[in-house]
Amino acid sequence: MKMYTTPHCLNDYLNQTYTCDCGRTHSAPLRAVSIRPRALEDLPKYARRLGFHSLYLVCDSITFQIAGQQCLQILHNAGIAAELVQLAHLDFDEATLGELLIHLPEGCDLAVAVGTGTINDMVRYFSFKTGLPFFTVATAAPMDGFASSIAAIQVNHLKTTFQARPPLAVIGDTDILREAPYAMIAAGLGDLLGKCTCLCDWRLAHLITGEHQCEHIIDLVENCVRRTLAAAGAAKNRDPQVLGDIMEGLVLTGVAMSLYGNSRPASGCEHHMSHYWETILEQQGQRPAPHGAQVGVGTVLVLKAAEELIARTVDFDAAREAALRYQPQAWEASIRAAYGPAAPGIIELEREAQKNESAGRLRRIHMIEAHWTDILELLHALPSSEEVAGILRNLGAPSHPQQIGIGQALLKDTFLYCKEIRARYTILQMLWDLDLLDSISDKVICGMGYPS
C-alpha cells in the first residue's frame, strides 16, 4: 500500500508495508499493541494469536517484582508453558548476551522482554541473532525504543548501535506504568523532546551530504511529538490515560525507526551526547542518568550551540584552511585520551567512514556555503534552548548537565568527541567542519554557568 501522506494513529501502522514517494519501501512488522489498564492479561492472548506455545521471560530482580512474576503466573494460569530468567549480569554487554543464551530453554519459541530500555535492547539483539521472535512488556516508559529495530549495547566498553529486530507485540499496562518512578516518566518525555534536534540533523545531512530522507516519516515523528507533549503537563498526576498516551507516542516513534530501517528518525547528536556519557561514566564506575533524561539535557545543549552558530559570521575560507590542517595521528591521540578503553572501536569506525578526512570535509564546506540560507532557515525553525529547558523544568526533569552528574571537563569533551560515536552527520559535525566546535562549545559551557 501507499505510505500515508498525513500522520495516522499507531494502530494504522501495525504489520504494514508501504511504497513511498521517497523512493523506498517502508515496513512496520509490529503486530499488536495493548496500552490499557490490566494489559498484562493480553499476553497469553497475543501469544496464542501469533502461534507461540513456549515462552522465555527475561527480567532483572526489579522488573521481576514489578511484572515478571505476574506474567509468569498469568501464562501458567492460561496453560501456556513459560520459563523465566532473572539476569544477574547487569552491565548489559557481551556477558549479558551470553547469560541469555545459557539460560535459553529447550524448545521455546518466543522471548519476552519484561522491562524498559536496556533489557529491551538485550532481548532485541538476542532475538535478531538467534532468530527467536520476541514481545515487550514495559515496566516504565523512559525511552522511545520499544518498537525500534536497533539496539544499543556495550561492546568492548563502547555503547554501540546494532541492527536488531522489533518486537511482534508491545504491552504497556497503565496500572504498572503509573507506579514507575516519576523520573522515568519524565525521561520518556525528554527522549521525545530530542526529536526536534535529531530531525534537524537529518535535514542538514540531506542538504550537505545528500543523505536520503523521507518527509512522510519526519512528519509522522513531528506530529507524534506535538500530540504527546501537549498532554505532558498532566503526567505528574499519574493519570493512566495520560501515561498511556505518552507510552503510545513513544511506541510510535519507535515504529518510525522500524519504518525507515534505522534510528535516523529519532536519534541525532543529542543521543550521541547520551551515548558518550554512558560510555565514559560506566568506565568510571558511575551509574548514568536515565537515557531519556540525558537526551533532554543534550537537546538543550545542542540548541544552545545552534543559537551560537546563528549569531556568528562564518568564515568559510578559514574553515577550508582548517580542513587542510587536519592530522589523523593527532585526532587518534585525542580519541585515545577521550574514550579510554572504548577508543579502538571509535578509531575503527573512522577508518571505515573517513568522515573527518580533508577531502570529504572540503566537499561538505562547499555544500554548507552553497546552502547557507537554507541551513539558517532550519536552525531558526528550532525551538529555543530556553523553551525546551522550561518544558523540562515544568516536567520536573533535568535541564542542566550538572543535574545529571556532568562536570565541566566531561562536558567539554562531550562537545568535542561525542560526534565520533556514530558515522552520522549532525549539527556538531557541521560545527566541526566549520572549525567552530571548540569556540562555540566554550561559549555554551560558559553560558551554562561553568567557570570560563
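One structure accompanies this document, and this report is about it. (Residues numbered from 1 in each chain as written. Predicted model: local features only at pLDDT ≥ 70, side-chain atom pairs only at ≥ 80, totals over all residues. Heavy atoms only, no water.)

1. Focus on the overall build of the protein chain
On a plain count of helices and strands, the protein chain comes out with 20 helices and ten strands. Its C-alpha atoms give the protein chain a radius of gyration of 22 Å, within 12% of the compact-globule value 22 Å for 452 residues. With respect to the principal axes defined by its C-alpha atoms, the protein chain has extents near 70 × 45 × 40 Å. Residues classed as buried in the protein chain amount to 58% of the 452 residues present. Counting contacts in the protein chain only where the partners sit at least 6 residues apart, residues at least 24 apart contribute 76% of the total. Per element, the accessible surface of the protein chain, about 17,700 Å² overall, is 50% carbon and sulfur. On the protein chain, the mean spot of the 37 positive side-chain charges and the mean spot of the 50 negative ones are 2 Å from each other. (Helix = DSSP H or I, 4+ residues; strand = E, 2+ residues; numbered from the N terminus. Rg over C-alpha atoms; globule rule 2.2 N^0.38 Å. Buried < 20%, exposed > 50% of the residue type's maximum accessible area, 1.4 Å probe, protein only. Contact = heavy atoms within 4.5 Å. Areas by Shrake-Rupley, 256 points an atom, 1.4 Å probe, with all protein chains shown as cover. Lys, Arg positive; Asp, Glu negative; His and termini not counted. Charge placed at Lys NZ, Arg CZ, Asp CG, Glu CD.)

2. Re the nonpolar core
Membership of the largest hydrophobic core comes to 116 residues, with the highest contact counts inside it found for Val251, Val255, Trp277, Leu309, Tyr339, Met430 and Leu434. Ranked by residues supplied to this core, first place goes to helix α9 (residues 240-260) with eleven residues. Beyond its immediate stretch of four places on either side in the chain, tryptophan 277 contacts Glu282, Gln294, Val297, Gly298, Leu301, Ile404, Ile406, Leu410, Leu411 and Thr414. (Core = buried A, V, L, I, M, F, W, Y, C linked by side-chain atoms within 4.5 Å.)

3. So, helix α6 (residues 182-193)
For α6, with twelve residues, the first-to-last C-alpha span of 17 Å sits near the 16 Å given by 1.5 Å per residue. With ten of its twelve residues buried, α6 lies for the most part within the structure. (Expected span 1.5 Å × (residues − 1).)

4. Here's the deal with the packing of aromatic side chains
Applying the stated criterion across every chain, the model contains eleven aromatic pairs. An aromatic cluster is defined as three or more aromatic residues linked by ring pairs; in this entry it consists of Tyr4, Tyr13 and Tyr18. Sitting over the ring of tryptophan 432, arginine 361 keeps its end group 3.8 Å from the ring centre. In this structure, lysine 419 packs its charged tip against the face of tryptophan 432, placed 4.3 Å from the ring centre. (Phe/Tyr/Trp six-rings, centres within 6.5 Å; stacked < 30°, edge-to-face > 60°. Lys NZ or Arg CZ within 6 Å of the ring centre and 35° of its normal.)

5. Details of unusual backbone geometry
Within the chain, arginine 238 stands out as a residue other than glycine whose phi angle is a positive 60°. Position of arginine 238 relative to the elements: it lies in the loop between α8 (215-230) and α9. Backbone geometry at glutamine 354 places phi at a positive 50°, although glycine is not the residue there. Relative to the elements of secondary structure, glutamine 354 occurs in the loop between α14 (343-353) and α15 (358-370).

6. Some points on the pattern of salt bridges
Think of it this way: side chains of opposite charge can pair up when their charged atoms draw near. Applying the stated rule across the entire model yields 23 salt bridges. In this structure, the salt-bridge partner of arginine 203 is glutamate 222, at a minimum N-O distance of 3.1 Å. One end of the pair, arginine 203, is in helix α7 (residues 195-209); the other, glutamate 222, is in helix α8, and 19 residues separate them in sequence. Here arginine 364 makes a salt bridge to aspartate 433, at a shortest N to O gap of 2.7 Å. Of this pair, arginine 364 sits in helix α15 while aspartate 433 sits in helix α19 (residues 427-433), and the two are 69 residues apart along the sequence. Each member of the pair, arginine 364 as well as aspartate 433, is classed as buried. Beyond isolated ion pairs, a larger network of salt bridges with shared partners links Glu332, Arg336, Glu348 and Arg351. (Salt bridge = Lys/Arg side-chain N within 4 Å of Asp/Glu carboxyl O.)

7. Some thoughts on the sheet that holds strand β6 (residues 110-115)
Strand order in the open sheet formed by six strands is β3-β10-β7-β6-β4-β5, and the pairing between neighbours is parallel. Of all the strands in the sheet, the pair left with one neighbour each is β3 (32-36) and β5 (81-86). Taken over all neighbouring pairs, the strand axes of this sheet differ in orientation by 15° on average, direction set aside. Here five bridges tie β3 to strand β10 (residues 169-173), and the two strands are oriented parallel to one another. Paired with arginine 36 across the bridge in β10 is aspartate 173. In this fold α9 packs onto β3, β7 (134-138) and β10, with an angle of close to 160° to the strand it touches most, β3. (Pairing = 2+ DSSP bridges. Axes fitted to C-alpha atoms, helices over the stretch in contact; angles between N-to-C directions.)

8. Here's the deal with the packing of α7 against helix α16 (residues 372-380)
The contact between α7 and α16 brings their axes to 10 Å, and the two run at 175°. In this view, α7 runs roughly antiparallel relative to α16, as classed from their interaxial angle. Seen from α7, the contacting residues are Cys200, Arg203, Leu204, Leu207 and Ile208; seen from α16, they are Asp374, Ile375, Leu378 and Leu379. In terms of residue class, the contact of α7 with α16 is built from seven nonpolar, no polar and two charged. (Parallel < 35°, antiparallel > 145°, perpendicular 65-115°, else oblique. Nonpolar A, V, L, I, M, F, W, Y, C, P; charged D, E, K, R; others polar.)

9. Quick word on the packing of helix α18 (residues 408-417) against helix α20 (residues 437-447)
Put simply, α18 and α20 touch, their axes get as near as 10 Å, and they point 145° apart. Here α18 and α20 pass one another in a crossing that is right-handed. Here α18 contributes Gln408, Leu411, Lys412, Phe415 and Leu416 to the contact with α20, which in turn contributes Leu437, Asp438, Ser441, Asp442, Val444 and Ile445. In terms of residue class, the contact of α18 with α20 is made up of six nonpolar, two polar and three charged. (Left-handed = near helix turned anticlockwise from the far one by under 90°.)

10. Concerning helix α3 (residues 94-102)
Three or more residues of α3 are buried, namely Thr96, Leu97, Glu99 and Leu100. All buried residues of α3 lie within an arc of 155° about the axis, which places them on one face of the element. Away from its buried face, by an angle of more than 90 degrees, α3 presents the exposed residues Leu101 and Ile102. The inward-facing, buried residues of α3 abut β4 (54-59), β5 and α4 (117-130). Taking the backbone nitrogen of alanine 95 as reference, a side-chain oxygen 3.0 Å away marks aspartate 93 as the first, capping residue of α3. (Arc of directions from axis to C-beta. Polar contact = N/O pair within 3.5 Å; in protein donor to acceptor, adjacent residues only side chain to side chain.)

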